[in-house]
Amino acid sequence: KTHSVTDQSTRKANVEYKFILDRSETDLPFVLGQELEIEWTGNIFCTSCGAKTPKSYSQGHCFKCFKTKAECDLCIMKPETCHYHLGTCREPDWADSHCFMPHVVYLANSSGIKVGITRKTQIPTRWLDQGAMQALPIFEVANRRLAGLIEVAIAQHIPDKTQWQRLLKADAEALDLLAIKADVLSLCQVELAEIANQYPQQIRLLDNQSYDFNFPVLQYPSKIKAFNFDNQGQISGVLQGIKGQYLILDTGVINIRKFGGYEVEFS
């Protein structure tokens, strides 16, 4: 979990991290520059139902939840494919509270420029989760599917993915997000007009409030080695930083989000 401490005069924020351990928020049990060892006990517990599972699906779910939970459906990764209106949503009540609420389409600079979407309530958490050094909201829309349609239109011109290796090798070079926004609106003028006509009064162009973030990193690695608990049950090294979903050690990096539900011991 990420938190930001904001300087209102500069709209810059220093990012702070906390862990969710046993479903409770806690301060990190380690600090930058400290020798750290993490050992997986071999146990995995579903982050949804809590059942013990031999394998993790969709970042911490058991197979049953993976097949039945709406949060594990393909439309979460590709919101433009939402099928709620067809009456085939896995959990309509869940969708009502997660998908049918205000969403934001944004530009972010993590490993370079990208377009993305998130629930309005997830700002700025989503940007910090991606390791974004800069972010600029573009549109606020009524629901997730509509945000996905706009994202697809913009993604014809700029990427919608983060290059995680590049993210962990250096701070992103500062970009003029306002200029990129202007270019995007011009390039996508026809597509955005068609979407707006189809969904009247459900899209709002936002002002130019931008955000800058500083992540706690002492030193970036020159080469990226990714740890995987499934192949290596114990990892250790000096903690050099935290960025996005990753712990950066002097021996390699590990995506903590990927191993949600894994029971581990820290020392």
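Residues numbered from 1 in each chain as written. Predicted model: local features only at pLDDT ≥ 70, side-chain atom pairs only at ≥ 80, totals over all residues. Heavy atoms only, no water.

## Points about the pattern of salt bridges
- Per the counting criterion, the structure on display carries 10 salt bridges.
- In this structure, Asp73 and Arg90 form a salt bridge, with 3.8 Å as the shortest nitrogen-oxygen distance. A residue pair is termed long-range when its members are at least 10 positions apart, and Asp73 in the loop between α1 (63-68) and α2 (74-77) and Arg90 in the loop between α2 and α3 (92-98) qualify at 17 residues.
- By relative accessible area, Asp73 is classed as buried at 15%. (Salt bridge = Lys/Arg side-chain N within 4 Å of Asp/Glu carboxyl O. Helix = DSSP H or I, 4+ residues; strand = E, 2+ residues; numbered from the N terminus. Buried < 20%, exposed > 50% of the residue type's maximum accessible area, 1.4 Å probe, protein only.)

## Concerning empty space enclosed by the protein
- For the coordinates displayed, the defined rule picks out one cavity of 30 Å³ or more.
- Its volume calculated, the largest cavity comes out at about 150 Å³.
- In terms of lining, the largest cavity is formed by 17 residues, of which the most central are Cys75, Cys82, Tyr84, Ala95 and Cys99.
- When contributions to the lining of the largest cavity are tallied by element, the ones reaching two or more residues are α2, α3 and α5 (144-154).
- Considered class by class, the residues forming the lining of the largest cavity number 11 nonpolar, two polar and four charged. (1 Å grid on protein atoms, 1.4 Å probe; cavity = no way out; pocket = protein on both sides within 12 Å on 5 of 7 lines; lining within 4 Å. Points joined across faces, edges and corners; volume = space filled by probe spheres on them. Nonpolar A, V, L, I, M, F, W, Y, C, P; charged D, E, K, R; others polar.)

## Section: the nonpolar core
- By size, the foremost hydrophobic cluster in this structure holds 38 residues, and its most contacted members are Phe30, Phe213, Phe215, Phe229, Ile235, Leu247 and Ile254.
- Of all the elements in the fold, those that place two or more residues in this core are β2 (12-21), β4 (35-44), β5 (103-109), α4 (125-129), β10 (234-243), β11 (246-249) and β12 (252-255).
- Other than its neighbours up to four places away in sequence, Ile254 contacts Phe227, Phe229, Ile235, Gln245, Tyr246, Leu247 and Phe259. (Core = buried A, V, L, I, M, F, W, Y, C linked by side-chain atoms within 4.5 Å. Contact = heavy atoms within 4.5 Å.)

## Side note on the packing of helix α7 (residues 177-187) against helix α8 (residues 189-198)
- Look at α7 against α8: their axes get within 5 Å of each other, and the N-to-C directions meet at 70°. As summarised for this structure, α7 and α8 are arranged roughly perpendicular, according to the angle between their axes. Between α7, through Leu185, Ser186 and Leu187, and α8, the contact on the second element is made entirely by Gln189, Glu191 and Leu192.
- Of the residues assigned to the contact of α7 with α8, the class counts are three nonpolar, two polar and one charged. (Axes fitted to C-alpha atoms, helices over the stretch in contact; angles between N-to-C directions. Parallel < 35°, antiparallel > 145°, perpendicular 65-115°, else oblique.)

## Examining unusual backbone geometry
- For the bond running from Ile123 to Pro124, omega is 5°, close enough to zero to count as cis.
- Considering the arrangement of structural elements, one finds Pro124 in the loop between β6 (113-119) and α4.
- One non-glycine residue, Ser58, adopts positive backbone phi at about 50°.
- Residue position: Ser58 is located in the loop between β4 and α1.
- Residue classification places Ser58 among the partly exposed residues on the basis of a relative accessible area of 36%.

## Regarding the sheet that holds β11
- Judged by pairing direction, the sheet is antiparallel, and its five strands sit side by side in the order β12-β11-β10-β4-β13 without closing on themselves. Two strands close off the open sheet at either side, each with one partner strand: β12 and β13 (262-266). The mean angle between the axes of side-by-side strands here comes to 45°, regardless of whether they run parallel or antiparallel.
- Pairing between β11 and β12: four bridges, direction antiparallel. Within β12, the position partnered with Tyr246 by the bridge is Asn255. (Pairing = 2+ DSSP bridges.)

## Remarks on a negative patch on the surface
- Judged by side-chain charge, Asp22, Glu39, Glu263 and Glu265 come together as a negatively charged surface patch.
- If you trace the backbone, Glu265 turns up in strand β13. (Patch = residues over 30% accessible without salt bridge, like charges linked within 9 Å, V, L, I, M, F, W, Y side chains within 5 Å. Areas by Shrake-Rupley, 256 points an atom, 1.4 Å probe, with all protein chains shown as cover. Lys, Arg positive; Asp, Glu negative; His and termini not counted. Charge placed at Lys NZ, Arg CZ, Asp CG, Glu CD.)

## Quick look at the packing of α5 against α8
- It is at 9 Å that the axes of α5 and α8 come closest, and there the two elements cross at 165°. As the angle between them shows, α5 and α8 are arranged roughly antiparallel. Crossing of α5 over α8 shows right-handed handedness. Residue-level contacts link Leu146, Leu149, Ile150 and Ala153 of α5 to Glu191, Leu192 and Ile195 of α8.
- Here the residues of the contact of α5 with α8 are counted per class, giving six nonpolar, no polar and one charged. (Left-handed = near helix turned anticlockwise from the far one by under 90°.)

## Notes on the environment of Met77
- By the secondary structure assignment, Met77 is in helix α2.
- A residue is classified by how much of its surface remains accessible, and Met77, at 68% relative accessible area, is exposed.
- Measuring from C-alpha to C-alpha, the distance between Met77 and Glu91 comes to 16 Å, with 14 residues separating the pair along the chain.

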